[in-house]
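Listed below, chain by chain, are the residues.
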Amino acid sequence: MRYHFGKWRWMAIALVVTAPAVAASQQKPLTRGNAAGEWRYWAADAWSTRYSPLDQIDAANFGSLQVAWQWNAGQFGDDEYYRTTPLYANGRLFTVATTRRIAVAIDPANGNTLWHWRLDEGIRWQKAPRQFAGRGLAYWTDGSNERVIVVTPGYHLASLDAKTGIPDPKFGKNGVVDLMDGLGYPLVPLAVDDSGPLIISDAAPPRKARPGEKWDPVKKIGADGTIGIDPAQGEIANSSPAIVVGDVIIVGNSAVHGYYPIRLRNIASAIRGFDVHTGKQLWKFNLIPQPGEFGAETWTKSSKVGSEGVGKNDAWAPYSADPELGLVYIPVGMPLMDEYGGHRPGNNLFGTSLVALDAKTGRRRWHYQFVHHDIWDYDTPMAPNLVDVTVNGQRRKIVAQTTKQGWVYALDRVTGEPIWPIVETPVLQSEVPGEETWKTQPIPSKPEPYSQQGLVESDLIDYTPAIKDSALKLAKRCRMGPYFIPASPTDGSAPSGYKCSWYAPGASGGVNIDGGTAADPETGRIYVGSQSGLSTIQVQKDPCSEFRYSSPHDSCGLLGALPAPPGYVAQAGAARGNGFEGRAAGSTIGGVSILKPKQYGGVTAYDMNTGDKIWWVPNGITTPVTTTDPLFAGVTLPPQPGRGQAQVITTKTLVIYGTGRSGGPPRPPFHLYAIDKATGKEIAKVQIPAKTTAVPMTFMHRGRQYIVFATGAGSNTALVALTLPRAGDGSGQAKH
């Protein structure tokens, strides 16, 4: 669907209009917004448990699972990598595909496409900051009508008939709401000066069209009739599905990555509620409080839109909700930019926080900030898990937020009060000129962490005195500390003389969107899929950026960057778009990490009734560590736990996970694993065609339980469905 010379155009192709389904009005009562055997939310239910009570697939038969079908997402186009978790509701499977975020309905029994719908967004799609399939869809029904809700890369909201894929004519304009409208910015005609996408650093942006400007179909530049917010204000997009609470669709946004942006201002993020029937905007909550609003004083320079340093602060991850309390829980990212905040003094609410909003009105009920004045790229990256537990004999409604920091923050989901003490603890302060870091950070007393945090002497390998001395010598090259170590300037101008700081967890976590956490609402336990590692962090001046410091990068010559200053010489090692390369290389000796192996990363189980760690397992495999460095002669080195982020779900009897795209073995065979919920012991594993690239899901269709997961990248993307073979079925396999 594209706004082109004043007309909306959309494409909905129904290959098969109907699929066997149970009438929505005949379904059993909902549990946390979910019907029995269904998976109506990105994380299974409104509570984001990733839990299903199904038990047809169990410990005794998991190893017998076979491929039922494979659905080729690449038939519709390419993707960066396939990161969708499908929905299953009322007899149909729903997913998204390609960088255009095409919405698709699939027959769960055989993998046949029922319908697909896409939006032609012109320049809005071409320059979208998050141009990939997204993570999925939202679903709504009133018992007779059913809707699939999609948020597009170009930031439109569409409501589709779940049976046909046809946009709801009563919703917005011909089924679509322009999400750039309603944010307080005027919409203008857009144009481009090149035919490529927006660069990750926010270079090569679109611009406001000149009067009378037309589209050049040969050069693919100019104005194509698309309208949007003036790019001079910044960029805005979406990367995760909306969530529906009652009859309100709740939508946030994402921004251009904050690694090394060029511009000191960007569009301020907001959470909005829309009427599911009409698409009317019901409310807006500013994630950067404007003057006079609660929290504005935490931006001590200014929080006003358009001010230097104001922008981003995007809630880009999926959300959770408690339908009974009428609350939606928003995990919020961080402001401009990732590793320097001298332009935004203060603790910067609501950055790196969890915010509980009234789903009907958008009013803030409570918030909790996990990082004050974030300069570590510690965006809150995951929908929190809602569980009911018994703490010290008292029944508590809690929200468990897993984070990049490597901690679970456990809060009362009614009040936001910590379940166990979270102590404001003095931390290291920045030595970067102009940076004003916060004096303390909130450190949970429970549960214990699931990832390496910072670097202190006791973390270092000490197999022999010589190894210990060498590891300590290497460690002391960069600034050390227990956690929240600020970046150091690369030129060594810091008072301490350091040119780097140790970074653990790094920008990828801890927990991040590719992994995350599943919960068992029956027991109050959670299962955290995380990663652990050690790298370095440093900042320097990008000569063609408005920022005083950023991660090492050189934007000069990029479309939209500042002109090169007099005497400019290209900086060695500050290549375009790969300023993070080599960060981990300095943490090894002869290929051996200076960190002692610990029970970090992999899958960690916690009992949220007590805050205790129950068990830990590596992500799929452990790998031998070998070296030819004579320093380690005669030393038997322990194996390295599997890398990457496990992608975890739970069922009545099992914890099930895939290793993720960077986990498990580097080459086939690849597996899906089942482990015992109580002990972490591996029960079985089943060979799969390729690694999981997103969180799996499970559902019951026509009496058969299926597990479905996404896999692949580029044009080789697919959904794979596993199920138990039928009695007498030799293979049980069919491919589509």
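Throughout, a residue's number is its position along its own chain's written sequence, starting from 1. Totals for whole chains, interfaces and linings use every residue, but because this is a predicted model, local features are given only for residues with pLDDT of at least 70 and side-chain atom pairs only at 80 or more, for both listing and counting. Excluded from the side-chain calculation are hydrogens and water; included are all heavy atoms of the structure.

**Q** Whenever I open this one, the overall build of the chain confuses me. Can you help?
**A** For helices the rule is a DSSP run of H or I covering at least 4 residues; for strands it is a run of E covering at least 2, with both sets numbered from the N terminus onward. The secondary structure content of the chain amounts to two helices and 48 strands. Compactness check: the chain gives a C-alpha radius of gyration of 25 Å against a globular reference of 27 Å for 736 residues, within 12% of the reference. C-alpha extents for the chain along the principal axes are approximately 70 × 70 × 50 Å. Only protein chains enter the area calculation, which uses a 1.4 Å probe; residues under 20% of their type maximum are buried, those over 50% are exposed, and those in between are partly exposed. Looking at the 736 residues of the chain, the share that counts as buried comes to 63%. Partitioning the intrachain contacts of the chain with sequence separation of at least 6 by distance along the chain shows that 65% fall at a separation of at least 24. His is not counted here, nor are the chain ends, while Lys and Arg score as positive and Asp and Glu score as negative. A charged residue contributes its charge at one atom only: NZ of Lys, CZ of Arg, CG of Asp or CD of Glu. Between the centroid of the 72 positive side chains of the chain and the centroid of its 64 negative side chains there is a distance of 2 Å. Radius of gyration means the value over C-alpha atoms here, while the globule rule gives 2.2 Å times the residue count to the 0.38 power. Any two residues whose heavy atoms approach within 4.5 Å at even a single point are treated as in contact.

**Q** I tried to follow the nonpolar core on my own but got confused; where do I start?
**A** Among soluble globular proteins, nonpolar side chains are generally buried collectively. In this text, buried Ala, Val, Leu, Ile, Met, Phe, Trp, Tyr and Cys residues form a nonpolar core when linked through side-chain atoms within 4.5 Å. Membership of the largest hydrophobic core comes to 59 residues, with the highest contact counts inside it found for Phe62, Trp69, Trp71, Phe94, Trp115 and Leu722. Counting residues in each nonpolar core, the second largest holds 34 residues, with Leu354, Trp366, Phe370 and Ile375 among its members.

**Q** How do you make sense of the environment of Pro189 when you look at a structure like this?
**A** Mapped onto the fold, Pro189 is located in strand β14 (residues 187–192). What makes Pro189 partly exposed here is its relative accessible area of 44%. Sequence-wise, Pro189 and Gly225 are 36 residues apart; in three dimensions their C-alpha atoms are separated by 6.4 Å.

**Q** What exactly am I supposed to notice about the sheet that holds strand β13 (residues 176–178) here?
**A** Pairing between sheet strands relies on hydrogen bonds along the backbone, with the strands arranged either parallel or antiparallel. Strands qualify as paired when DSSP identifies two bridges or more between them. An order of β10-β11-β12-β13 is seen for the four strands of this open sheet, with the pairing classed as antiparallel. Single-partner strands in this sheet number two, and they are β10 (138–141) and β13. The average angle at which neighbouring strand axes cross in this sheet is 20°, direction not considered. With three bridges connecting them, strand β12 (residues 156–161) and β13 associate as antiparallel partners. Bridge pairing in β13 links Leu157 to Val177. Structural elements are reduced to axes, namely lines fitted to C-alpha atoms, with helices fitted over the stretch in contact, and the angle between N-to-C directions of any two is expressed from 0 to 180 degrees.

**Q** Mind showing me how you'd approach the confidence of the model for the chain here?
**A** Low-pLDDT stretches of the model should not have their predicted coordinates read in fine detail. Each residue carries a pLDDT score, the predictor's own confidence in it, on a scale running from 0 to 100. In this model, the chain carries a mean pLDDT of 93, and residues with pLDDT of at least 70 account for 93%. Here residues 1–9 is a poorly scored stretch, pLDDT under 50, and it has 34 contacts once near neighbours within four places are set aside; other chains count.

**Q** Before we go on, may I ask you to explain the pattern of salt bridges in this structure?
**A** A side chain of one charge can pair with a side chain of the opposite charge when the charged atoms of the two come close. Salt bridge, as used here, is a side-chain nitrogen of Lys or Arg placed within 4 Å of a carboxyl oxygen of Asp or Glu. All chains considered together, the criterion is met by 29 salt bridges. Linking Lys312 and Asp314 is a salt bridge whose minimum nitrogen-to-oxygen distance equals 3.5 Å. Residue Lys312 shares its accessibility class with Asp314, and that shared class is buried. What you see here is one network of salt bridges that share partners, running through Arg130, Lys312, Asp314, Asp377, Asp379 and Lys404.

**Q** Help me understand the pairing of β14 in this model?
**A** Sheet faces and side chains relate simply in a regular strand, where the side chains alternate between the two faces. Across five bridges, the pairing between β14 and strand β17 (residues 221–229) is antiparallel. Directly across from Ala191, in β17, lies its bridge partner Ala223. Where β14 lies against strand β15 (residues 207–208), two bridges are found, and the strand directions are antiparallel. Opposite Leu190, over in β15, you have Lys208 as the bridge partner.

**Q** Where do I start with the state of the cysteines in this structure?
**A** A covalent bond bridging the sulfur atoms of two cysteines is what the word disulfide describes. Any two cysteine sulfur atoms lying within 2.5 Å of each other are counted as a disulfide. Applying the stated rule across the entire model yields two disulfides. Here Cys478 pairs with Cys500 through a disulfide, and the sulfurs are 1.8 Å apart. Judged by the sign of its S-S torsion, about -80°, the bond between Cys478 and Cys500 is left-handed. Here Cys478, found in the loop between α2 (465–475) and β31 (488–489), pairs with Cys500, found in the loop between β31 and β32 (501–503); they are 22 residues apart in sequence, far enough to count as distant. According to the relative accessible area criterion, Cys478 is buried, its value standing at 0%. Through a disulfide, Cys544 is tied to Cys556; the S-S separation comes to 1.9 Å.

**Q** Looking at this structure, I do not really get the environment of Ala162. What am I missing?
**A** By the secondary structure assignment, Ala162 is in the loop between β12 and β13. Taking the relative accessible area as the measure of exposure, Ala162 reaches 0% and is therefore buried. Sequence separation between Ala162 and Trp140 is 22 residues; the distance between their C-alpha atoms is 9.0 Å. What Ala162 contacts, discounting residues up to four positions off in sequence, is Arg92, Phe94, Trp115, Tyr139, Glu146, Arg147 and Val148.

**Q** Please explain α2 as it appears in this structure.
**A** The α-helix winds at 3.6 residues per turn, so residues separated by three or four positions along the chain end up facing the same way. Looking only at α2, the buried set comprises Ile467, Ala471, Leu472, Leu474 and Ala475. Taken end-on, α2 shows its buried residues confined to a sector of 160°, consistent with a single buried face. Seen from the open side of α2, the exposed residues pointing more than 90 degrees away from its buried face are Pro465, Asp469 and Lys473. Tucked into the core, α2 has its buried residues touching β32 and β36 (588–589). Taking the helix axis as origin, the arc is that swept by the directions to the C-beta atoms.

**Q** Mind showing me how you'd approach the sheet that holds strand β33 (residues 516–520) here?
**A** The sheet built from four strands is open, its strands ordered β33-β34-β38-β39 with antiparallel pairing. The two strands at the open ends of the sheet, each matched to only one other strand, are β33 and β39 (612–617). Within this sheet the neighbouring strands show an average axis-to-axis angle of 20°, counted without direction. Pairing geometry for β33 and strand β34 (residues 525–530), over five bridges, is antiparallel. Looking at the pairing, Asp520 lines up with Arg525 of β34.

**Q** Would you take a moment to explain unusual backbone geometry for this structure?
**A** Negative phi characterises most residues that are not glycine, and trans characterises most peptide bonds. Here Leu336 and Met337 are connected by a cis peptide whose omega angle stands at -25°. By the secondary structure assignment, Met337 is in the loop between β23 (327–331) and β24 (353–358). The linkage connecting Leu349 with the following residue, Phe350, adopts the cis geometry, with an omega of 0°. Take Phe350: it is sitting in the loop between β23 and β24. Of note, the phi angle at Asn174 is positive, near 55°, even though the residue is not glycine. Tracing the sequence through the fold places Asn174 in the loop between β12 and β13. The phi dihedral of Lys312 falls on the positive side, at around 65°, and the residue is not glycine. Looking at where Lys312 falls in the secondary structure, it is placed in the loop between β21 (281–286) and β22 (320–322).

**Q** Which parts of the structure should I look at to understand the pairing of strand β7 (residues 92–97)?
**A** For β7, a buried count of six out of six residues is recorded, marking the element as mostly surrounded by other parts of the structure. Side chains of β7 alternate between two faces, with Arg92, Phe94 and Val96 and Leu93, Thr95 and Ala97 buried alike. In this antiparallel pair of consecutive strands, strand β6 (residues 87–89) and β7, the connection spans two residues, and Asn90 shows a positive phi of 55°. Direction of pairing for β7 relative to strand β8 (residues 102–106): antiparallel, over a ladder of five bridges. The residue of β8 that forms the bridge with Val96 is Ala103. Between β7 and β8, which pair antiparallel one after the other, the connecting turn spans four residues, and Thr98 there sits at a positive phi close to 70°.

**Q** Would you mind showing me how to read the side chain of Asp322 here?
**A** With respect to the helices and strands, Asp322 occurs in strand β22. A residue is classified by how much of its surface remains accessible, and Asp322, at 1% relative accessible area, is buried. Any N or O atom pair separated by 3.5 Å or less is treated as a polar contact, with the protein-specific requirement of one donor-capable and one acceptor-capable atom, and with residues adjacent in sequence counted only for side-chain atom pairs. At a separation of 2.8 Å, a polar atom in the side chain of Asp322 contacts the side chain of Arg413. When sequence neighbours within four positions are dropped, the list of residues in contact with Asp322 reads Trp47, Leu327, Tyr329, Leu386 and Arg413.

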